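Breakdown of the fold
If you want the building blocks of each chain, they are given just below.
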Amino acid sequence: MTGLLAQATVKGPHINWDALSPLIALTAGACIVLLVGLARSSFIRRNVVPVLTLITLGVTAGLGVWQWDVNEAIVAKALVIDNLTLTLMMIFVAGGIAAVLLAWRSTATAEAGEGEYFALLLTSILGMVVLVAANDLVVLFIGFELLSIPLYVLCATHMRREQSLESGLKYLIIGSVGSATLLYGLALLYGAAGGTNYADLAAAGASISDDVLFLTGVGLVMVGLAFKASVAPFHQWTPDVYEGAPTPVTGFMAVATKAAAFGVILRLFDVALIDASATWAPAFATLAVITIIVGNVGAIGQSSLKRMLAYSSVAQAGYMLAGVVVTTQLGISATVFYLMIYVVMNLAAFAVITAREREAGIGDDISSLYGLGRDRPLLAWPMTIAMLALAGFPATAGFFGKLYLINAAVDNGYAWLGIVIVLGSAVSLAYYLRVVAAVWMRSPSEAPAPLVRASARPVIAGGSAEADDEARAAGREPGATSAIIESDFDTSEPVRRTLRQPEVVFVAVVCALVTLVFGIYPEPLFNVAKDAGDAIQSLL
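All residue numbers refer to positions counted from 1 along the written sequence of the respective chain. Reporting of local features is limited, given that this is a predicted model, to residues whose pLDDT is at least 70; pairs of side-chain atoms are given and counted only at 80 or more, and all residues count toward the totals for whole chains, interfaces and linings. Think of the side-chain values as coming from all heavy atoms in the structure, minus any hydrogens and water.

Once that is clear, we can look at the overall build of the chain. In this text, helices come from DSSP runs of H or I with a minimum length of four residues, and strands from runs of E with a minimum of two, each type numbered from the N-terminal end. Within the chain one finds 22 helices and 4 strands. The classification of residues rests on relative accessible area computed with a 1.4 Å probe and restricted to protein chains. Under 20% of the type maximum is buried, over 50% is exposed, and intermediate values are partly exposed. When each of the 540 residues of the chain is scored for burial, the buried share is 59%. Of the contacts made within the chain by residues no fewer than 6 positions apart, 80% connect residues no fewer than 24 positions apart. For accessible areas, the Shrake-Rupley method is used with a probe of radius 1.4 Å. Any residue's cover is judged against the shown protein chains and nothing else. Carbon and sulfur atoms make up 66% of the accessible area of the chain, which amounts to about 20100 Å² in all. Pairs of residues are marked as contacts when any of their non-hydrogen atoms sit within 4.5 Å.

We count a salt bridge whenever a side-chain nitrogen from Lys or Arg sits within 4 Å of a carboxyl oxygen from Asp or Glu. Within the structure shown, the criterion is met by 10 salt bridges. Between Arg374 and Asp375 there is a salt bridge, with the nearest N and O atoms lying 3.2 Å from each other. Beyond isolated ion pairs, a larger network of salt bridges with shared partners links Glu166, Lys170, Asp240, Glu243 and Arg307.

With that out of the way, let us pick up the packing of aromatic side chains. Between the rings of Phe, Tyr and Trp (Trp by its six-membered ring), a pair exists once the centres lie within 6.5 Å; its type follows the angle of the planes, with under 30 degrees stacked, over 60 edge-to-face, and the other angles tilted. Taken as a whole and judged by the stated rule, the model has 16 aromatic pairs. Note on Trp237 and Tyr242: the rings are 6.4 Å apart at their centroids and 70° apart in plane angle, and the pair reads as edge-to-face. A centroid spacing of 5.8 Å and a plane angle of 80° characterise the contact between Trp280 and Phe284, whose relative ring orientation is edge-to-face. Remark: Phe284 and Trp280 occur in helix 13 (residues 277–300); sequence separation between them is 4 residues, near one turn of the helix. Put simply, the rings of Phe337, Phe399, Phe400, Tyr404 and Phe526 pair up and form one aromatic cluster. Definition used: whenever NZ (Lys) or CZ (Arg) falls within 6 Å of the ring centre and also within 35 degrees of the ring normal, the charge is taken to sit over that ring. The side chain of Lys228 reaches across the aromatic face of Phe144, ending 5.0 Å from its centre.

By secondary structure assignment, the location of Arg45 is in helix 3 (residues 42–66). Under the relative-accessibility criterion, Arg45 is labelled buried at 11%. Sequence separation of Arg45 and Glu114 is 69 residues, and the distance between their C-alpha atoms is 5.9 Å. Within the structure, Arg45 has its side chain in polar contact with the backbone oxygen of Arg40 (distance 2.8 Å). The term polar contact refers here to a pair of N or O atoms within 3.5 Å; inside protein, the definition further demands a hydrogen-donor-capable atom paired with an acceptor-capable atom, and it admits residues adjacent in sequence only when both atoms are side-chain atoms.

Glancing now at helix 11 (residues 237–244). A turn of α-helix holds 3.6 residues, and therefore any two residues three or four places apart point the same way. Most of helix 11 sits inside the fold, with 7 of its 8 residues counted as buried. Residues of helix 11 that are buried: Trp237, Thr238, Pro239, Val241, Tyr242, Glu243 and Gly244. Each element contacted by the buried residues of helix 11 is listed here: helix 7 (137–155), helix 8 (162–193), helix 10 (212–229), helix 12 (247–272) and helix 14 (305–325).

Okay, structure coming up:
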């Protein structure tokens with residue numbers, strides 16, 4: 001007997017390391033960034049660590065391009081590396097690159113530690129890729145948690161701001177409720193189907209489509225994912241978390257987290273649960289209408305730009321649900337296309353907000369944009385283009401995105417949902433054009449007095465022990481001059497000044513240009529979205 005056991009060998013699943021290479025790059029990059037961030041040199045922490053993060057994201061994108069059209073299930077079919085996964089991964093990478101540039105000189109990175117901050121960012125992106133590539137319920141939950149836990153911490157990295165800590169705590173509590181709901185739903189799906197692989201769910205779909213256990217599991221999974229996608233009425237956390245989190249983190253969450261949530265919704269519901277679409281599609285359609293109404297109405301009265309964009313993101317989630325509801329290749333492609341343009345539209349706006357928070361000294365209030373058209377045209381035009389694109393104006397990518405979604409809805413018998421999208425877009429003009437008016441038609445003299453001093457405070461060498469402790473807490477060497485540009489919260493009379501933020505302006509300008517280019521010539525993005533839709537449809 002002992003001899004037989006000795007001869008037995010454990011054979012693991014075959015792994016396609018080439019297809020897995022983007023995930024390996026993210027994992028290795030996060031570890032390297034974390035270790036390099038432990039260096040004592042402030043130059044290494046403030047400059048080398050962000051550069052290594054950008055290199056990691058660039059390598060990941062390159063490996064994704066290399067694996068284009070592979071369309072293969074790997075690791076015992078627990079993960080699917082196909083064009084949908086790779087397209088969404090490029091969205092995560094784009095959001096990550098923008099977040100790194102926006103956070104390069106923020107106090108949040110210094111207070112949290114540069115190595116920890118950027119390692120958490122890479123780990124969250126890794127979780128997003130695992131989530132959208134998941135072909136198994138267990139892997140889905142692992143990706144969901146790997147995405148969420150780093151974001152809970154990142155929201156609270158502005159540790160000297162009460163709002164940031166409150167944001168992280170709210171996201172943790174509400175996110176945990178969403179995770180628990182999702183996990184319970186996944187357990188019920190496993191109990192009904194008898195397996196955790198998406199193929200098991202698809203095979204059992206027709207026979208259990210009216211089973212109470214199965215339907216309860218589908219409902220709980222819908223609720224859990226709706227929390228993450230900011231779908232009403234499960235959106236309550238979004239405005240508070242968006243407002244309190246550091247703006248680079250808010251911008252990253254607004255685009256990447258939403259893309260991850262809709263990526264897993266597309267793969268789970270339009271592949272594994274496609275046979276039960278007669279049950280969940282009407283529920284999603286109802287949620288889409290509620291979400292569009294709540295998001296657009298909630299945004300109208302907001303003076304905080306981040307809260308306004310939070311409600312805007314709720315409304316945008318309602319538009320994208322239309323692509324899920326129609327359960328066709330056209331609907332999948334339309335949703336993917338909208339996710340791609342949603343990234344650049346939002347990042348342009350968040351880049352401008354980041355710059356004005358540091359310059360104007362009145363936070364993210366809409367009055368920080370007063371006179372921007374005259375004083376800072378390189379920021380004024382990106383904000384204007386972003387608002388017009390989000391509203392769906394012609395000659396912007398947002399116009400084609402909404403047109404694509406409406407076409408998909410009408411094509412599959414949901415013309416009424418297309419009408420709701422049109423009406424929602426019309427209502428959204430009330431708050432998007434208000435921002436444009438603030439940029440071009442208001443004078444800086446109309447803005448309230450700033451509450452902070454927008455400056456970089458030097459720390460004098462040989463100062464007091466208290467000053468040295470303050471410098472260390474902020475991530476600076478005692479006796480060094482602060483290289484971090486951020487607002488100092490004091491009550492003295494502020495000095496309004498224009499700060500040099502080339503990396504922030506670069507993000508705003510590039511995203512605005514991309515929005516315009518694909519608003520005039522959207523064909524390349526249409527082709528990518530079609531490839532993604534074809535890939536997921538081939539698994540049906």
